[in-house]
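Chains, contacts and geometry: an overview
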Amino acid sequence: EALAKSRIKSVLSYGGLAIDGLSTTAVEDTKQAFGKPYADVLGDVLGVVEAELSRTGLTGYSHSIADEPGEDGIDAIINVATAFKQTKRKVRTAAFTSIKESGDPRHKLAGIVDDIYLNLHSEEAIRKIITAGSRCSLYNQTGRYSRGVYLLTARDLQCGGHMQFGFHSVHADPWYDLDGREGDQVAVFTHPDGNLRVSIDFMRYRQAISDYRHLMLVNSLIIGGGGAARDDAHQWLNKIRDAMKVGASSPWTDGELDRIRLEAVSHIDNMVKMKAMP
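These remarks concern the structure in this document. The model shown is predicted, which means the values in this text are computed figures rather than measured ones. (Residues numbered from 1 in each chain as written. Predicted model: local features only at pLDDT ≥ 70, side-chain atom pairs only at ≥ 80, totals over all residues. Heavy atoms only, no water.)

Details of the overall build of the protein chain
Tallying secondary structure elements over the protein chain gives 10 helices and eight strands in all. Each of the 278 residues in the protein chain was classed as buried or not, and the buried ones make up 40%. Put simply, 54% of the contacts in the protein chain that link residues at least 6 apart link residues at least 24 apart. Taken as a whole, the protein chain presents about 15600 Å² of accessible surface, with 53% of it coming from carbon and sulfur. (Helix = DSSP H or I, 4+ residues; strand = E, 2+ residues; numbered from the N terminus. Buried < 20%, exposed > 50% of the residue type's maximum accessible area, 1.4 Å probe, protein only. Contact = heavy atoms within 4.5 Å. Areas by Shrake-Rupley, 256 points an atom, 1.4 Å probe, with all protein chains shown as cover.)

What to know about the packing of aromatic side chains
Tallying each qualifying case throughout the model produces four aromatic pairs. Plain terms: the ring middles of phenylalanine 96 and tyrosine 117 are 4.5 Å apart, the flat faces sit at 20 degrees to each other, and that makes the pair stacked. Here phenylalanine 96 is found in strand 3 (residues 92-99), whereas its partner tyrosine 117 is found in strand 4 (residues 115-121), with 21 residues between them in sequence. Among the residues examined, phenylalanine 96 registers a relative accessible area of 0% and is labelled buried. Here tyrosine 145 and tryptophan 252 contribute two aromatic rings whose centre-to-centre distance is 6.0 Å and whose plane-to-plane angle is 70 degrees, an arrangement assigned as edge-to-face. Here tryptophan 252 lies in the loop between helix 9 (227-243) and helix 10 (254-276) and tyrosine 145 lies in helix 6 (residues 143-146), a separation of 107 residues in the sequence. The exposure classification of tyrosine 145 matches that of tryptophan 252, with both residues buried. Over the face of the ring belonging to tyrosine 205 we find arginine 147, whose NZ or CZ atom lies 4.6 Å from the ring centre. (Phe/Tyr/Trp six-rings, centres within 6.5 Å; stacked < 30°, edge-to-face > 60°. Lys NZ or Arg CZ within 6 Å of the ring centre and 35° of its normal.)

Let's talk about the sheet that holds strand 3
Each strand in a sheet pairs with another by means of backbone hydrogen bonds, the pair being arranged parallel or else antiparallel. Taking strand neighbours across the sheet as the criterion, the six strands line up as 1-2-3-4-5-6 in an open arrangement whose pairing is parallel. A strand with exactly one partner marks an edge of an open sheet, and here the two such strands are strand 1 (10-12) and strand 6 (159-163). Neighbour-to-neighbour, the strand axes of the sheet open up by a mean angle of 30 degrees, direction not taken into account. Direction of pairing for strand 2 (residues 60-67) relative to strand 3: parallel, over a ladder of five bridges. Note on strand 3: the bridge partner recorded for aspartate 67 is phenylalanine 96. (Pairing = 2+ DSSP bridges. Axes fitted to C-alpha atoms, helices over the stretch in contact; angles between N-to-C directions.)

In structure tokens form, the structure reads like this:
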């Protein structure tokens, strides 16, 4: 009921409720236990999932079938993704991985796994994913740049969005980053004075999103505008784009990112004023 009333229209199984009692990371022999081939059993399960999606108002469901697989596990993932397609159900498959080198066998996932989330990546990898018909997003990038203005470059290649796993997870001591498998990135910490302390990484993420939104607004106004202000903004944004290289570290310090945001605000103001002129 809560989902039906929310604005959430699609879900991803990673870190949430996934299929239990049936492997979705490798095709298994289901004939003895269920009397049917794997794809048929999977289709039955997904039919129940579809019915629940319909009841809650959700229109999309993506099932995670791989998390940073090794080279020797690629064929198993392909077999599972193929079985999902054989069910003819609406569910999509998702894999979290890194692809940089030209000969990396993970390139074979493109066009077979529906949604591919990239950590380490290259322009070649993104282009192959999109050309093959899969959707591409980034995940677990770090710092202000990679989760902010850099997403404009990824978006230009049709690799849209960014997912950060860690914001819901806390290990034994949330103030000590060496006591768990990954660093703690919770949004707030309690404090003896009764107030909450926002984590530094959360603040950086907020800055990153604000940076990106400013550049996206500049881009939108350029597309819909005209005149000298639009031309100036277009030249400026092209210089920003040219400075960013896919898969590379930031060409700017945080102080320079502050300057870029201020310049974006100036271009936004100039284009809005130009539109408002009679």
